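Each chain, letter by letter, is given below.
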Amino acid sequence: QVQLVESGGGLVQAGGSLRLSCAASGSISSINGMGWYRQAPGKERELVALISKVGNTKYADSVKGRFTISRDNAKNTVYLQMTSLKPEDTGVYYCNADVTTRWGVRGDYWGRGTQVTVSS
C-alpha cells in the first residue's frame, strides 16, 4: 500500500505564513507528479499547485506569487510554503502523488488532509 501524510497545518492570522509537508511511504517504486489541493466546506476541491518529477511547477492564479511548491525526491516528500495568507486560503489541504508501486502499478494517491485556518 501507499500512504501520504500531510502535516504543518494550523491557525494563523492574515498575513502570516505556514509550511505544509507531505511524506509518501509504503510500497513505492517511484513518484512522478505531486501536488497540493484544497477544499472548503460546501465547495469543490481545487488545485493549488503541481510539481513534476523534474521540478516543473504550476499554480492556481489565486495563490501565484504567494505560495511555493517544492519536493525532495530522496525523501518522497512534497512541500507547500505559504506566505501572505488570506482568510480565503482557509480549508483542508490535501497532497496528491502519481505513484508507481513495487508491483509496477501506476495510479494517484491522496493524503487525508491538514486543516489550514486563516483568521481576519
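The structure we're discussing is the one just above.
Summarised in this report is the structure supplied together with it. Predicted model, so just to flag it, every value in this text is computed and none were measured.

1. Regarding the side chain of Arg66
Piece 1. With respect to the secondary-structure elements, Arg66 resides in the loop between strand S6 (57–59) and strand S7 (67–72).
Piece 2. Within the local environment of Arg66, its side chain forms a polar contact with the backbone oxygen of Ser84, the two atoms lying 3.0 Å apart.
Piece 3. Discounting residues that sit within four places of it in the chain, Arg66 has contacts with Gln81, Met82, Thr83, Ser84, Leu85, Lys86 and Asp89.

2. So, the environment of Gly16
Piece 1. For Gly16, the location among the structural elements is in the loop between strand S2 (10–13) and strand S3 (18–26).
Piece 2. Accessibility expressed as a relative area gives 21% for Gly16, which makes it partly exposed.
Piece 3. Spatially, the C-alpha atoms of Gly16 and Ala60 are 19 Å apart, while their sequence positions differ by 44 residues.
Piece 4. The contacts of Gly16, once residues within four sequence positions are left out, are Met82, Thr83, Ser84 and Leu85.

3. Notes on the environment of Val54
Piece 1. Summarising the element assignment, Val54 is placed in the loop between strand S5 (46–51) and S6.
Piece 2. In sequence terms Val54 and Tyr94 are 40 residues apart; their C-alpha atoms lie 21 Å from each other.

4. Some thoughts on the pairing of S3
Piece 1. Across six bridges, the pairing between strand S1 (residues 2–7) and S3 is antiparallel. The partner of Ser7 across the bridge, within S3, is Ser21.
Piece 2. For S3 and strand S8 (residues 77–82), the ladder comprises six bridges, and the chain directions are antiparallel. Each bridged residue has a counterpart across the sheet, and for Cys22 the counterpart in S8 is Val78.

5. A closer look at the pattern of salt bridges
Piece 1. Evaluation of the coordinates by the stated rule reveals four salt bridges.
Piece 2. Arg66 is the salt-bridge partner of Asp89, the closest N and O atoms lying 2.8 Å from each other. Of the two residues, Asp89 sits in the loop between S8 and strand S9 (91–101) while Arg66 sits in the loop between S6 and S7, which places them 23 residues apart along the sequence. Each of the two residues, Asp89 as well as Arg66, counts as buried.
Piece 3. The closest approach of N and O atoms between Arg106 and Asp98, which form a salt bridge, is 2.7 Å.
Piece 4. Judged by its relative accessible area of 55%, Arg106 falls in the exposed class.
Piece 5. The exposure class assigned to Asp98 is buried, which follows from its relative accessible area of 15%.
Piece 6. One continuous salt-bridge network, built from bridges that share partners, spans Arg38, Glu46, Arg66 and Asp89.

6. Structural notes on the nonpolar core
A general feature of soluble globular proteins is that nonpolar side chains tend to end up buried together.
Piece 1. Ranked by internal contacts, the top residues of the largest apolar core, which has 29 residues, are Trp36, Leu80, Met82 and Tyr93.
Piece 2. At the level of secondary structure, the elements contributing two or more residues to this core comprise S1, S3, strand S4 (28–39), S5, S7, S8, S9 and strand S11 (114–119).
Piece 3. Residues contacting Tyr93, with those up to four places away along its chain left out, are Glu6, Leu20, Trp36, Tyr37, Arg38, Val48, Phe67, Leu80, Met82, Gly113, Thr114 and Val116.

Thresholds applied
Residues numbered from 1 in each chain as written. Predicted model: local features only at pLDDT ≥ 70, side-chain atom pairs only at ≥ 80, totals over all residues. Heavy atoms only, no water. Helix = DSSP H or I, 4+ residues; strand = E, 2+ residues; numbered from the N terminus. Polar contact = N/O pair within 3.5 Å; in protein donor to acceptor, adjacent residues only side chain to side chain. Contact = heavy atoms within 4.5 Å. Buried < 20%, exposed > 50% of the residue type's maximum accessible area, 1.4 Å probe, protein only. Pairing = 2+ DSSP bridges. Salt bridge = Lys/Arg side-chain N within 4 Å of Asp/Glu carboxyl O. Core = buried A, V, L, I, M, F, W, Y, C linked by side-chain atoms within 4.5 Å.

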